[in-house]
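Now for the letters of each chain:
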Amino acid sequence: MGHKVLAIFFTLICAPGLYAVFLVPSKNPVAVGTNVTISVNDTGTITVGLWLFGPSTLFMWYQGNMIQGTSLQNGTEFNNSTYQLTLSSVTLRNSGLYVLEAFTPIKARAEMTLDVQEPVSNVTSFVNMTNLVEFNDTVTFTCNASGTPLWFSWQNRSSIVTAGGRVELRNGGRELFINGVMRYDEGPFKCLVENNISKVETNQTNLNISYGPSNLTVTALPEKEAYISGSDIFLSCSADSKPTASFYWMYNGIHLNVSGSSYNLRNTTQNISGQYACVAKNAVTLRSVAVIKNIKVVDPILSVTVNPAGSPVEGNAFNLSCNVVGPVDSIHWMKNGTYLGANDMITFFNNNSTLSFYRLGLSDDGLYQCAASNAVSNITSKAYNLMVNYGPWNTTMSGPIVGVVGQNVTFSCSADSHPPSRYSWFLNVTKVGEGPVLTRALSPDSGGRYTCMASNEITGSSSNVSLELTLIYPVSHVIVNAGNQQPVFNQPFTLTCTASGDVEHIQWMKNSMFLYPYNGITFSNNNSTLSFQSLNLNDDGNYQCEASNSVSHMTSPAYDLMVTYGPWNTEVAGPRMAEMGSNVTFRCSAVSRPHSQYSWFYNNLKVGDGPVFVKAALSLTSSGQYTCMAFNNITGGSSSASLELTVIEAIVKVDVTADPPFPLASQSLRLTCNVTGAYNRLHWLQNNQNFQPSDRVTFSADNTTVTIKALQPADNGRYQCVASNSVRQHFSQPYNLAVIFGPHSVQITVTNGIPPVLTCLAESQPPAVYHWILENNTVGNVSSIVLPIKSIFGGNYTCVAKNPWTNITLQASQVVNFFTPDPDAAVSVQASVMLTALLILLIPVLDEWL
């Protein structure tokens, strides 16, 4: 075996010349789980050769023999006649550099990088909301998927969505933003995800976009320049709207009590001529629009009305009469706009002028009209709204069954009834109240049966329900109250101490200290009242009274006296200059108790209420004087303050774009400042400091672009563009520059110990990934490894450092010998693929010798 190794070694060293060899994969990239064959171009016979995967040996053949490397993976096959390599059921671990080295009779080296990719899977998409308002709302679609690599795109109906205008694509196309949606953006939308080996699309998503009203029109039937006296004129209104718009009508600028898309003028007279306006409103978009129709009527003569006979009561008979002024040929009845015919529940009398109900039911509720016609006119009466009276039914009562003397108790009563029932309350047989809610302060004689009687004055019916209340008797309590008084600065004020039981003595306290008469404060003869001649702020405090007799005493809860005053010292805070399109907030304050109510005026026109006034979406016409008036509704006082606002044009957006997007060391980088809106000055910041030109940094004449030549790691930092106007500076989001480089200077250090530790470090951005090789075997995938104690003879350890962005790989070796007295004397660093191959060949020889 030793002779074979020596012969191969000399063959490798003495091989003459180089020969062109090429590797051709059957496919690249290749999907996970599939097979790929790497073929070799027609090179002739290779007597001695080597297949490598990265730094590891897969196969080596020489003089008719073949050796498999220790890092050979399952599913890897080698054809020793064609020299091709076949990989079955590949995984992501099969990605990497494959090298064929020929040593005799030709000397050549060929390599290729195989890219194994995962098919696209687990594709999902969602939208933040589907119900939107045209022009107002922004929608966000998000798409997620698994696989490597991934490219995202979006489709609206059959068209691919591209960024621009209202449409933004972010996060590599994973997110689709549509600003200010329009009615044509309803979709359907779907997300398409693909890579080199597959393509998947999501289910379709539709948006519900509310819009309008727009294209409002009003038509009149019949359409005439003028109408005969007594003519019926039907006005109808239509608009493009989603959801359907609601409508109401105005006559000569005055609101009519009419809603709906149609307005019928019955038995018209000349005095109804004028301008009829239809106003359409969308309840979702909150937009409205109006259009006017001019109507002219000459000599009207007829009218039709519907009158009830008595009150409509459930279960009773009821009649409606159609009263017509003028000659009539026929009368028809309608309910809710639909013509009525006789049936088991209704009939008609007196040439259809009377509509008679045999027995009213709740289903008879509705809008009833009668239409009277003759040879020249057809008139329908207005909305008689029949609402059947019924009840009371299902009367219920709620409240406590136990009460405490001296406290309040509340009972509630309800019943199904139209019109709403009237409620009367009784304690035993004595009437004690009216209304659906009864609240009583309990006394010792307040116990017993409480009864609620619900009655309907129209139907004449009533219904009762009762509840038994049991009393418990606590110790008497003491209360301080002020009645309906308000404590106002410089005004008189009185506090009264009330207590149940026999009271012999009353003592007043302020802030837990006994209170005695002094200038401005007096007590009544029995001390039950405390009087202030003229309140001042020093009178604020917690007031209590203690009532006592020979056997007991009780102190009232504190009455918190807070003297009301003001408003004084009214001030307005807010900006004096703002940008167009922005919002400004004015805040008004005044010294006042209770807090003042505030009203805002713009150039003497009232524009709002409250301590804060926000003026949104400023325009140039928003400039002017803003005045706040503070008012205290207790003291009746008021005070005003003003501020002058100037509005200028706005800077809408500032952002920074980089070219190229991935900054590599030694290359140039150009940063561009994109500003939307007018500005006075543009400058740049590096790490929050002013960025100045240098021998490698140049700025464009207008400062919109900055170019950094020959990038270095020292250039790393946060870069921002600042656009300024008269109001403020607008900062872009930071562009974080991290220059990509390395790896450089791979170094291995040995930490002495039992066992020793090897540590590998390299300069790299982003940080390098490491793996260790010992005798062509990977022995670690971290920067530090612990040497096993069984490796008594030591070995040559190789550290491989790789930058995943630059794809640069650098390696270093360290010879370790446990028996070396001086650890530093064992250090020997070298990098050699051929040495790795020779070590693999020597392993079987060492096995035989050992």
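How each quantity is defined
- Residues numbered from 1 in each chain as written.
- Predicted model: local features only at pLDDT ≥ 70, side-chain atom pairs only at ≥ 80, totals over all residues.
- Heavy atoms only, no water.
- Helix = DSSP H or I, 4+ residues; strand = E, 2+ residues; numbered from the N terminus.
- Rg over C-alpha atoms; globule rule 2.2 N^0.38 Å.
- Buried < 20%, exposed > 50% of the residue type's maximum accessible area, 1.4 Å probe, protein only.
- Areas by Shrake-Rupley, 256 points an atom, 1.4 Å probe, with all protein chains shown as cover.
- pLDDT = per-residue confidence, 0-100.
- Contact = heavy atoms within 4.5 Å.
- Polar contact = N/O pair within 3.5 Å; in protein donor to acceptor, adjacent residues only side chain to side chain.
- Pairing = 2+ DSSP bridges.
- Axes fitted to C-alpha atoms, helices over the stretch in contact; angles between N-to-C directions.
- Disulfide = S-S within 2.5 Å.
- Patch = residues over 30% accessible without salt bridge, like charges linked within 9 Å, V, L, I, M, F, W, Y side chains within 5 Å.
- Salt bridge = Lys/Arg side-chain N within 4 Å of Asp/Glu carboxyl O.
- UniProt positions renumbered as here; feature names shortened; annotations may be inferred.
- Core = buried A, V, L, I, M, F, W, Y, C linked by side-chain atoms within 4.5 Å.

Trainee: Which parts of the structure should I look at to understand the overall build of the protein?
Mentor: Along its length, the protein carries two helices and 76 strands. Its C-alpha atoms give the protein a radius of gyration of 47 Å, clearly above 29 Å, the size a compact globule of 850 residues would have. Oriented by its inertia axes, the alpha-carbon framework of the protein measures out at about 130 × 95 × 65 Å. Counting all 850 residues of the protein, 40% fall into the buried class. When the accessible area of the protein is evaluated, it comes to approximately 44,700 Å², of which 52% is carbon and sulfur surface.

Trainee: Mind showing me how you'd approach the confidence of the model for the protein here?
Mentor: Detailed conclusions should not be drawn from predicted coordinates in areas where pLDDT is low. On average, the protein scores 87 in pLDDT, and the residues at 70 or more come to 91%. Note on residues 1-17: pLDDT under 50 across the span, and 30 contacts to partners over four residues away in sequence or across chains. Confidence drops under a pLDDT of 50 for residues 819-850, and excluding neighbours within four residues, the segment shows 43 contacts in the predicted structure.

Trainee: Looking at this model, I keep getting lost on the side chain of Gln-155. Mind explaining?
Mentor: In this structure, Gln-155 sits in strand β14 (residues 151-156). Those residues in contact with Gln-155 that sit more than four places away from it in its chain are Ile-160, Val-161, Pro-188, Phe-189, Lys-190 and Leu-192.

Trainee: How should the environment of Thr-269 be read in this particular structure?
Mentor: Inspection of the secondary structure assignment puts Thr-269 in the loop between β24 (262-265) and β25 (274-281). Sequence separation between Thr-269 and Gly-54 is 215 residues; the distance between their C-alpha atoms is 100 Å. Among the polar contacts listed, one links the side chain of Thr-269 to the side chain of Asn-271, at a separation of 2.3 Å.

Trainee: What is the right way to read the sheet that holds strand β45 (residues 493-499) from this model?
Mentor: Adjacent strands of a sheet form backbone hydrogen bonds with each other and so pair up, either parallel or antiparallel. Across the sheet, four strands lie side by side as β44-β45-β49-β48; this open sheet has antiparallel pairing. Every other strand in the sheet has two partners, leaving β44 (478-481) and β48 (521-523) as the edge strands with one partner each. Averaged over all neighbouring strand pairs, the angle between strand axes comes to 15°, with direction disregarded. Where β44 lies against β45, four bridges are found, and the strand directions are antiparallel.

Trainee: I'm lost on the state of the cysteines in this one. Help?
Mentor: What we call a disulfide is simply a covalent bond connecting the sulfur atoms of a pair of cysteines. Under the definition given, this model contains eight disulfides. Residue Cys-143 pairs covalently with Cys-191 via a disulfide, S to S 2.1 Å. On the sign convention where negative is left-handed, the bridge of Cys-143 and Cys-191, at about -90° about the S-S bond, is left-handed. A residue pair is termed long-range when its members are at least 10 positions apart, and Cys-143 in strand β13 (residues 139-148) and Cys-191 in strand β18 (residues 189-194) qualify at 48 residues. For the pair formed by Cys-143 and Cys-191, the shared burial category is buried. For Cys-322, the disulfide goes to Cys-370, at an S-S distance of 2.0 Å. The sign of the 75° torsion about the S-S bond sets the Cys-322-Cys-370 disulfide as right-handed. Residue Cys-322 is found in strand β28 (residues 318-325), and its partner Cys-370 is found in strand β33 (residues 366-373); the two are separated by 48 residues along the sequence. Taken as a pair, Cys-322 and Cys-370 share a single burial class, namely buried.

Trainee: How should I be thinking about the side chain of Asn-195 in this particular structure?
Mentor: Tracing the chain through its elements places Asn-195 in the loop between β18 and β19 (199-201). Residue class for Asn-195 comes out buried when judged on its relative accessible area of 6%. Among the polar contacts made by the side chain of Asn-195, one reaches the main-chain carbonyl oxygen of Glu-118 at a distance of 2.8 Å.

Trainee: What is the right way to read a nonpolar patch on the surface from this model?
Mentor: Side chains of Leu-537, Trp-568 and Val-591 sit close together on the surface and give an oily, nonpolar patch of about 220 Å² of accessible area. Tracing the chain through its elements places Leu-537 in the loop between β49 (529-532) and β50 (541-548). Judged by its relative accessible area of 34%, Leu-537 falls in the partly exposed class.

Trainee: Quick question: what am I supposed to make of the environment of Asp-137 here?
Mentor: Mapped onto the elements of the fold, Asp-137 is located in the loop between β12 (131-133) and β13. Between the C-alpha atoms of Asp-137 and Met-182, which are 45 residues apart in sequence, the distance is 9.1 Å. Apart from residues lying up to four places away in sequence, Asp-137 is in contact with Met-129, Asn-131, Leu-132, Ile-178, Asn-179, Gly-180 and Val-181. A polar contact of 2.7 Å, which involves the side chain of Asp-137, links it to the backbone nitrogen of Val-133.

Trainee: Would you mind showing me how to read the sheet that holds strand β55 (residues 584-593) here?
Mentor: A sheet is described by the order of its strands in space; here three strands give the open sequence β53-β55-β58, paired in antiparallel fashion. Edge positions in the open sheet fall to β53 (565-573) and β58 (612-615), since each of these has one partner strand only. Pairs of neighbouring strands in the sheet enclose a mean axial angle of 15°, with direction left out of account. In this sheet, β58 lies alongside β55 in antiparallel orientation, the contact comprising four bridges. Note that in β58 the partner of Phe-586 across the bridge is Phe-613.

Trainee: Looking at this structure, I do not really get the UniProt feature "domain: Ig-like" (unreviewed entry) in the protein. What am I missing?
Mentor: In the numbering used here, UniProt assigns the "domain: Ig-like" (unreviewed entry) feature to residues 119-208, 213-290, 300-389, 392-470, 474-564, 567-644, 666-732 and 743-817. A distance of 34 Å separates the end C-alpha atoms of residues 119-208, which is 0% helix and 53% strand. A helix fraction of 0% and a strand fraction of 68% characterise residues 392-470, whose end C-alpha atoms lie 28 Å from each other.

Trainee: Got a minute to help me understand the nonpolar core in this structure?
Mentor: General note: in soluble globular proteins, nonpolar side chains tend to be found buried as a group. In terms of nonpolar packing, the biggest core is built from 26 residues, with Leu-23, Trp-51, Leu-85, Tyr-98 and Leu-114 touching the most fellow members. Of all the secondary structure elements, the ones that give two or more residues to this core are β3 (36-40), β4 (48-53), β5 (56-62), β8 (85-87), β9 (96-104) and β10 (108-114). Here this core gets four residues from one element, more than from any other, and that element is β10. Discounting chain neighbours no more than four positions away, the residues touching Leu-85 are Val-36, Thr-37, Ile-38, Trp-51, Leu-58, Phe-59, Thr-76, Glu-77, Phe-78 and Tyr-98.

Trainee: Whenever I open this one, unusual backbone geometry confuses me. Can you help?
Mentor: Leaving glycine out, the prevailing phi sign among residues is negative, and the prevailing peptide bond configuration is trans. Looking along the chain, the bond that leaves Gly-391 and enters Pro-392 is cis, with omega of 5°. Looking at the element boundaries, Pro-392 is found in strand β36 (residues 390-398). In this chain, Asp-659 is followed by Pro-660 through a cis amide linkage whose omega measures 5°. Note on placement: Pro-660 falls in the loop between β61 (651-659) and β62 (669-677). The phi dihedral of Gln-63 is positive, around 45°, even though this residue is not glycine. Take Gln-63: it is sitting in the loop between β5 and β6 (65-68). Of note, Asn-336 is a non-glycine position whose phi angle comes to about 55°, a positive value. The topology assignment puts Asn-336 in the loop between β29 (330-335) and β30 (338-339).

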